Amino acid sequence: MADQQESIAIAPPANVHVARVATVKHYTDSLFAFTCERPASLRFRSGEFVMIGLMNGPKPLLRAYSIASPAWAEELAFYSIKVPAGPLTSQLQNIKPGDEVLVGKKPTGTLVLDALTPGKRLFLVSTGTGIAPFASLIRDPETYERYDEVILTHTCRTSPELVYGADIVDETLADPLVGEIAVGKLRHITSLTRDAHPLQGRITRLIEDGAFFAHFGAAPFNPAEDRIMICGSVGVLNDMKEIAEARGFVEGSNNEPGTFVVERAFAG
Ligand code: A2P
């Protein structure tokens, strides 16, 4: 009887799948990536997020995570910080291949191609782990069908934090499905705020003073042709939103596509 009660008490709730971890890669003391099997019924659009977690005693502990793999991939990929006292990430950082994680059944989000009106250049502006949804979008062929140029920006504090993005871009360019089309269209522009780097400083400042565009010989933002997706900390979202709106961009959503979008799921 005791066994039966226990198994009832720890059963995951109906709104999550249980998925087996396939790979785990630690990038720094505070960053890691993992993949897990994709539940057969899980459908999502590249750029969306889903609730991810672990059982914590009898209860699930879940947080919103961008899916870092494209919609066509057989596995689900995630990129996470490790917060020493964080209720979930302090546990999640210890997962190993073969362990089970919980995956919510309803992926959603605004960093999707359909939330933007048609344009020519797509800017994917990220800081820190905010690059995750763009790791999905840059591997989706539809991104390149819709845009002439795809400019992924990634700003971190120190250079080891750029490695994940560099790996993903390399994988994209080598991918049999999207590599050929991405080679001519995808640009990866990195900046660092606390280490020496060819482009140094916050992306907001680099956009405002023009150094970002000068760095790769591009025209400044033009809301008639450019579209922007933004993912990072709350401060980055707010500051980038202000910059976009000051230049005539209009925030879009799934119901009403616009010329820029931000993801607020991770705020707070
Ligand atoms: P900084 O080093 O000047 O704080 P974090 O690791 O804290 O999430 O930060 C990731 C990157 O985002 C860092 O390079 C950080 O720069 C930058 N950043 C933090 N806040 C903002 C903001 N409000 N606008 C632009 N960039 C920011």
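Bear in mind that the values here come from a model prediction, so they are computed numbers and not experimental data. (Residues numbered from 1 in each chain as written. Predicted model: local features only at pLDDT ≥ 70, side-chain atom pairs only at ≥ 80, totals over all residues. Heavy atoms only, no water.)

Draft legend 1. Representation of the packing of aromatic side chains. Enumeration according to the criterion identifies 13 aromatic pairs in this entry. Centroid distance Phe32 to Phe34: 5.9 Å. Interplanar angle 20°. Geometry classified as stacked. For the residue pair Phe32 and Phe34, the accessibility class agrees, reading buried in each case. Relative to Phe249, the ring of Phe221 has its centre 5.6 Å away and its plane inclined at 75°; by these criteria the two rings are edge-to-face. With Phe221 in the loop between helix H8 (211-215) and strand S10 (226-231) and Phe249 in the loop between helix H9 (234-246) and strand S11 (260-262), this pair connects stretches of sequence that are 28 residues apart. Judged by relative accessible area, Phe221 falls into the buried class, the value being 10%. Through successive ring pairs, a cluster of aromatic residues spans Phe123, Phe212, Phe213, Phe216, Phe221 and Phe249. (Phe/Tyr/Trp six-rings, centres within 6.5 Å; stacked < 30°, edge-to-face > 60°. Buried < 20%, exposed > 50% of the residue type's maximum accessible area, 1.4 Å probe, protein only. Helix = DSSP H or I, 4+ residues; strand = E, 2+ residues; numbered from the N terminus.)

Draft legend 2. Layout of the confidence of the model for the protein. A residue-level look at the protein finds 96% of positions with pLDDT of 70 or above and a mean pLDDT of 94. In this model residues 1-8 is a low-confidence stretch, pLDDT under 50, and it forms 0 contacts with partners more than four residues away in sequence or in other chains. (pLDDT = per-residue confidence, 0-100. Contact = heavy atoms within 4.5 Å.)

Draft legend 3. Highlighting the nonpolar core. Ile138, Tyr164 and Met229 are the most contacted members of the largest nonpolar core, which has 31 residues in total. Elements with a minimum of two residues in this core: strand S2 (31-37), strand S5 (75-81), strand S7 (121-127), helix H3 (132-137), strand S8 (149-156), helix H5 (163-174) and S10. If one sorts the elements of this core by residue count, H3 sits on top with 4 residues. Mapped onto the domain boundaries, this core takes at least three residues apiece from domain 1 (2-104) and domain 2 (113-262). Listed in part, the 23 residues of the second largest apolar core include Val125, Leu199, Leu237 and Phe249. (Core = buried A, V, L, I, M, F, W, Y, C linked by side-chain atoms within 4.5 Å. Domains from an automatic or database assignment.)

Draft legend 4. Here's a closer look at the sheet that holds S10. What the 5 strands build is an open sheet, ordered S9-S8-S7-S10-S11; its pairing is parallel. Of all strands in the sheet, those with a lone pairing partner are strand S9 (186-192) and S11, marking the two edges. Averaged over all pairs of adjacent strands, the angle between their axes in this sheet comes to 15°, without regard to strand direction. Alignment of S7 against S10, held across 6 bridges, turns out to be parallel. When the bridges of S10 are listed, Ser126 appears paired with Cys231. Helix-sheet contacts for H5 involve S8 and S9, and the interaxial angle to S9 is about 170°. (Pairing = 2+ DSSP bridges. Axes fitted to C-alpha atoms, helices over the stretch in contact; angles between N-to-C directions.)

Draft legend 5. Focus on the sheet that holds S5. Read across the open sheet, the 6 strands follow the order S4-S3-S6-S1-S2-S5; overall the sheet is antiparallel. Pairing within the sheet leaves two strands with one partner each, and these edge strands are strand S4 (59-66) and S5. Direction aside, the axes of adjacent strands within the sheet are offset by 40° on average. Across 5 bridges, strand S1 (residues 16-28) lies against strand S6 (residues 100-104) in antiparallel orientation. The residue of S6 that forms the bridge with His17 is Val103. Across the sheet, H5 lies against S1, S2 and S5, angled at about 110° from S1, the strand it touches most.

Draft legend 6. Examining the site of the ligand more closely. Near the ligand you find Thr127, Thr155, Cys156, Arg157, Thr193, Arg194, Arg202, Thr204, Gly235, Val236 and Asp239, and these make up its full shell. At a separation of 2.8 Å, an oxygen atom of the ligand approaches a polar side-chain atom of Arg157. In the environment of the ligand, a nitrogen atom lies 2.8 Å from a nitrogen or oxygen atom belonging to the side chain of Asp239. Here the ligand has 550 Å² of accessible area as a free molecule, and 79% of this is covered by the chains. Only S8 and H9 provide two or more residues apiece to the shell around the ligand. No other element matches H9, which puts 3 residues into the shell around the ligand. Classifying every residue of the shell around the ligand by side-chain character gives 2 nonpolar, 5 polar and 4 charged. (Near = heavy atom within 4 Å. Polar contact = N/O pair within 3.5 Å; in protein donor to acceptor, adjacent residues only side chain to side chain. Areas by Shrake-Rupley, 256 points an atom, 1.4 Å probe, with all protein chains shown as cover. Nonpolar A, V, L, I, M, F, W, Y, C, P; charged D, E, K, R; others polar.)

Draft legend 7. Up close: the environment of Ala64. Within the secondary structure layout, Ala64 lies in strand S4. Separated by 198 residues in sequence, Ala64 and Val262 have C-alpha atoms that sit 15 Å apart. If near-sequence neighbours (up to four positions away) are discounted, Ala64 is found in contact with Phe49, Val50, Met51, Ala265 and Phe266.

Draft legend 8. Broad picture of the domain arrangement of the protein. Under the domain assignment, the protein is made up of domain 1 (2-104) and domain 2 (113-262). Taking only C-alpha atoms into account, the centre of domain 1 sits 26 Å from that of domain 2. Taken together, the contact between domain 1 and domain 2 spans 18 residues of the former and 20 residues of the latter. Between domain 1 and domain 2, a total of about 1500 Å² is buried, with carbon and sulfur atoms accounting for 61% of that surface. Contact with domain 2 buries area across many residues of domain 1, yet Tyr27, Trp72 and Tyr79 alone supply 38% of it, more than any other trio. Viewed at the interface, domain 2 and domain 1 are joined by 2 salt bridges. (Buried area = accessible area lost by both parts, 1.4 Å probe. Salt bridge = Lys/Arg side-chain N within 4 Å of Asp/Glu carboxyl O.)

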